[in-house]
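For reference, the chains in residue letters:
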Amino acid sequence: VQLQASGGGVVQAGESLRLSCAASGRTLRGVAVGWFRQAPGKEREFVAASSRTGSGLYFSDSVKGRFTLSRDNAKNTVYLQMNLLKPEDTAVYYCAASSSIITSSLGMDSAYAYWGQGTLVTVSS
């Protein structure tokens with residue numbers, strides 16, 4: 001499966017952005033999709049994930065309550081809605097997918113087989 005992440009940009013603190021992860025090559029039904037981010041000089045970290053069934057949604061503590069995930073099966077796309085953005089959310093955001101990942105591994109980047117190219121989010125104070 002090929003993933004295309006988009007929607008990044010420059011916003012001010014408190015504003016919102018919606019990132020998209022569009023898939024091609026196969027349907028995202030039955031596929032877990034995760035979002036990770038990497039800030040300059042830092043390691044890549046888990047942000048959010050949707051389980052293979054789509055019924056389980058998981059968020060890191062740093063974004064819980066501000067970010068949401070949704071799927072549009074017709075468009076074969078997963079969205080990461082980011083609200084109340086903070087300067088510390090500034091990073092390159094990546095989406096990843098796996099058709100075999102187990103729930104307990106959703107937060108592990110090494111568990112995902114497919115990755116998008118990343119989209120830059122910059123939040124100014």
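It should be noted that the structure appears before, not after, this text.
How each quantity is defined
- Residues numbered from 1 in each chain as written.
- Predicted model: local features only at pLDDT ≥ 70, side-chain atom pairs only at ≥ 80, totals over all residues.
- Heavy atoms only, no water.
- Salt bridge = Lys/Arg side-chain N within 4 Å of Asp/Glu carboxyl O.
- Helix = DSSP H or I, 4+ residues; strand = E, 2+ residues; numbered from the N terminus.
- Buried < 20%, exposed > 50% of the residue type's maximum accessible area, 1.4 Å probe, protein only.
- Pairing = 2+ DSSP bridges.
- Axes fitted to C-alpha atoms, helices over the stretch in contact; angles between N-to-C directions.
- Phe/Tyr/Trp six-rings, centres within 6.5 Å; stacked < 30°, edge-to-face > 60°.
- Lys NZ or Arg CZ within 6 Å of the ring centre and 35° of its normal.

> Run through the pattern of salt bridges, naming residues and quoting values.
Summed over all chains, the structure comprises five salt bridges. Note that Arg44 and Asp109 form a salt bridge whose closest N and O atoms lie 3.2 Å from each other. With a gap of 65 residues between them, Arg44 in the loop between strand E4 (32-38) and strand E5 (45-50) and Asp109 in the loop between strand E9 (91-98) and strand E10 (114-115) connect regions that are remote in the sequence. Exposure remark for Asp109: the relative accessible area of 26% places this residue in the partly exposed category. For Asp61, the salt bridge goes to Lys64, with nearest N and O atoms at 3.3 Å. A relative accessible area of 68% places Asp61 in the exposed class. Here the salt bridges do not stand alone but share partners, grouping Arg37, Glu45, Arg66 and Asp89 into one network.

> Go over the sheet that holds strand E1 (residues 2-6), please, and point to the residues and values.
Pairing is antiparallel in the open sheet, where four strands are placed in the order E1-E3-E8-E7. Taken across any chain shown, the strands that pair with only one partner, and hence form the sheet edges, are E1 and strand E7 (67-72). Shown here is a sheet whose adjacent strand axes are inclined to one another by a mean of 15°, direction ignored. As paired elements, strand E3 (residues 17-24) and strand E8 (residues 77-82) share six bridges and run antiparallel to each other.

> Help me get a handle on the packing of aromatic side chains, residues and values and all.
Here the distance between the centres and the angle between the planes together describe a pair of aromatic rings. This structure, assessed with the given rule, holds five aromatic pairs. On the basis of an interplanar angle of 50° and a centroid distance of 5.3 Å, the ring pair of Phe36 and Trp115 is categorised as tilted. Note that Phe36 is positioned in strand E4 and Trp115 in strand E10, a separation of 79 residues in sequence. On the numbers, 6.3 Å between centres and 70° between planes, the contact of Tyr112 with Trp115 is edge-to-face. Judged by relative accessible area, Tyr112 falls into the buried class, the value being 5%. One aromatic cluster is present, formed by Phe36, Phe46, Tyr94, Tyr112 and Trp115 through successive ring pairs. Positioned above the aromatic ring of Tyr94 is the side chain of Arg44, whose terminal nitrogen or guanidinium carbon lies 5.9 Å from the ring centre.

> Explain the pairing of E3 to me, and be specific about the residues and the numbers.
With five bridges connecting them, E1 and E3 associate as antiparallel partners. Residue Gln2 lies in a different strand from E3, and its bridge partner there is Ser24.

> Go over the pairing of E9 with me, naming the residues and quoting the values.
The element E9 is largely enclosed, with a buried count of seven among its eight residues. As paired elements, E4 and E9 share seven bridges and run antiparallel to each other. Among the inter-strand pairings, Gly34 is bridged to a residue of E9, identified as Ala96. Strand direction decides the pairing type here: E9 and strand E11 (residues 119-124), joined by three bridges, are antiparallel. Residue Val92 lies in a different strand from E11, and its bridge partner there is Leu120. In this sheet, E10 lies alongside E9 in antiparallel orientation, the contact comprising two bridges. Bridged to Ala96 within E10 is Trp115.

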